[in-house]
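Each chain, written out:
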Amino acid sequence: MLLFTPGPTPVLESVRQAMATVTLHHRTPEFEAIFEKARENLISMMGMEECIMLASSGTGAMQACMINLANSKVLTINSGKFGERFGKIADAMCIPKVELKYEWNTPASIADVEATLMANPDIDAICIQICESAGGLRHPVEEIAARVKEINPSIMVIADGITAVAVEPIDVSNIDALVTGSQKALMLPPGLAMIGLSSHAIEKIGNGKDYYFNLATEIKNQKKNTTAWTAATTLIAGLNAMFDEIEKEGGLDALYENTKKRANATSVALRAIGLEIYPTTPAMSMSTVYDDESEAIRKLLKNEYGVNIAGGQDHLKGKIFRINQMGLIPAYESVWVVNAVELALDKLGRRAFDGTASKVFSEVYFKSEI
Ligand SMILES: *Cc1c(COP(=O)(O)O)cnc(C)c1O
C-alpha cells in the first residue's frame, strides 16, 4: 500500500534502521552528540536563532508557543481545522482571542489582519498556519508577518509550519515562532515537535510559562544539548538519518525544487482529467481536489490500486480528497497515483481511461524547468 496521506508520511528504510538500534540513555555524551547534530540541522534548515525539540505531537508545540508568547490577546486565523485549533487552545488556556474566519479554500487577507490589529491594540500575538492542511491552502504568511511588524514590531508572529517546513523555503525574517512536527515532510513517526524561535521571541519568553511546555527551561537545557524532560531519543536519531537522506538527494534546495515540481505536475495532471483543485492558493505540501465523488474515488484507490490518500473533515467530508507531496517521494510513485485516479474516474463512468493523467504528469515533471 502506498501511503499518500499528507501526514503521516512513510518512513524510509534507512531511517527505520537508524531507529532500530539499542536505546541510549538521554543524559550521556553519546546521545548529546546526536542531539547536537539534530539541533544544528534544524537551526540551519529553519534559519532561525534557536530551535527547540519537544516530545509531543505538533499540537503540543502550537500550545507551547501560545502559552509562552501570547500574554494579553491573540489573533487566530481560521481557514480550517488547524487554524480553528489555535482558537481552541486560546480558549482552553483562557487567553482572550479574536478570530478571523474564512472558507477553507480562502487565504487570510492582509487588510482584515490590519483592521483587526487597529481595532484591538492589545493583541500581542498572531497565530497562523503557513499551509492550512484542512484544505491544502497556502496563507500569505510572509506578507502578513511583514505588515504585522510594520504596525507593531512587538506583536509575536507564531507560524504553524507543520506542512510547510521541509516543503518549501520560508522567509522567516518576520516570524517569531515556526512550528513543525515529525510525521509530515520530515518523514518520521509522530511524536517529535520542533519550534524555531527568533531572538525577539526568546526575549519575550523570559522565564517562560507552563511546566511541561516551559520554553525558557527548554532553551536553557537545549543550548547544552540536553532536554528538560526525557528526550524523544529514538525520533531524534531518526531525524539525523532523515537529514542524511535529504543530503544524499542533493540537499534541502533539491527537496524544495522536487516537491514543487511534483505538486505542480500532479495538479496539472488532475486538471487535465477534468478535476477541480480546491484551494484558491494551493500549498506545495498536498494536492487537494474538490469532488462530490471523493469518497468513491478514495475507496477505489485503496481497494483496487493500493494507494491510501486522505479525505476531508467537517463540512468537507466526502467533498475533497488530498494527495501528499511532502518528503522524498520518487516521481514514479506520483505517476502511479495520478494514473490510479484516472482509472477510478473510468470505473465510476465519468471518463474513459486513455492515460492522460500519467502522460501529462510526465510531460510537466520531466520537461519543465520550474
Ligand atoms: C498535522 C498538523 C498539525 C499537528 O497535528 P498533531 O496531530 O498534533 O501532530 C498541526 N498543524 C497542521 C497544519 C498540520 O498539518
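The structure displayed is predicted, hence computed values, not measured ones.

This brings us to the site of the ligand. Taken together, the neighbourhood of the ligand is formed by 14 residues, with Ser57, Thr59, Ser133, Asp160 and Lys184 sitting nearest. In this structure, an oxygen atom belonging to the ligand sits 2.5 Å away from a side-chain N or O atom of Ser133. When the ligand sits alone it has 390 Å² of accessible area, and the protein chains cover 88% of it. Mapped onto the shell around the ligand, the elements with two or more residues apiece are helix 3 (58–69) and helix 4 (81–92). When the residues that make up the shell around the ligand are grouped by side-chain class, the tally is 4 nonpolar, 7 polar and 3 charged.

On to the side chain of Asn240, then. In this structure, Asn240 sits in helix 9 (residues 233–248). A distance of 3.0 Å separates a polar side-chain atom of Asn240 from the backbone oxygen of Ile34. Setting aside residues no more than four positions away along its own chain, Asn240 makes contact with Ile34, Lys37, Ala38 and Asn41.

Counting across every chain of the model gives 7 aromatic pairs. Measuring from ring centre to ring centre gives 6.5 Å for Tyr212 and Trp229, while their planes differ by 15 degrees; the resulting arrangement is stacked. Of this pair, Tyr212 sits in the loop between helix 7 (199–205) and helix 8 (215–222) while Trp229 sits in the loop between helix 8 and helix 9, and the two are 17 residues apart along the sequence. The partly exposed category is assigned to Tyr212, whose relative accessible area is 35%. Overall, the relative accessible area of 28% leaves Trp229 in the partly exposed class. With a centroid separation of 4.8 Å and 80 degrees between ring planes, the pair formed by Tyr365 and Phe366 is classed as edge-to-face. We classify Tyr365 as buried; its relative accessible area is 8%. Each residue in the set Tyr211, Tyr212, Phe213 and Trp229 is aromatic and connected to the rest through ring pairs, giving one cluster.

Strands belonging to one sheet form pairs held by backbone hydrogen bonds; the direction of such a pair is parallel or antiparallel. Here we have 7 strands laid out as an open sheet, ordered 2-10-9-8-5-3-4, and mixed in their pairing. In the strand order of this sheet, the two ends are held by strand 2 (50–55) and strand 4 (97–101), each with one partner. Each strand axis lies, on average, 20 degrees off the axis of its neighbour in the sheet, ignoring direction. On top of the sheet, helix 3 reaches strand 2, strand 3 (74–78), strand 5 (125–129), strand 8 (156–160), strand 9 (177–181) and strand 10 (192–197); it is set at about 160 degrees to strand 9, its chief contact. Those strands touched by helix 8 are strand 2 and strand 10, and its axis lies near 110 degrees from that of strand 2.

What counts and how
- Residues numbered from 1 in each chain as written.
- Predicted model: local features only at pLDDT ≥ 70, side-chain atom pairs only at ≥ 80, totals over all residues.
- Heavy atoms only, no water.
- Near = heavy atom within 4 Å.
- Polar contact = N/O pair within 3.5 Å; in protein donor to acceptor, adjacent residues only side chain to side chain.
- Areas by Shrake-Rupley, 256 points an atom, 1.4 Å probe, with all protein chains shown as cover.
- Helix = DSSP H or I, 4+ residues; strand = E, 2+ residues; numbered from the N terminus.
- Nonpolar A, V, L, I, M, F, W, Y, C, P; charged D, E, K, R; others polar.
- Contact = heavy atoms within 4.5 Å.
- Phe/Tyr/Trp six-rings, centres within 6.5 Å; stacked < 30°, edge-to-face > 60°.
- Buried < 20%, exposed > 50% of the residue type's maximum accessible area, 1.4 Å probe, protein only.
- Pairing = 2+ DSSP bridges.
- Axes fitted to C-alpha atoms, helices over the stretch in contact; angles between N-to-C directions.

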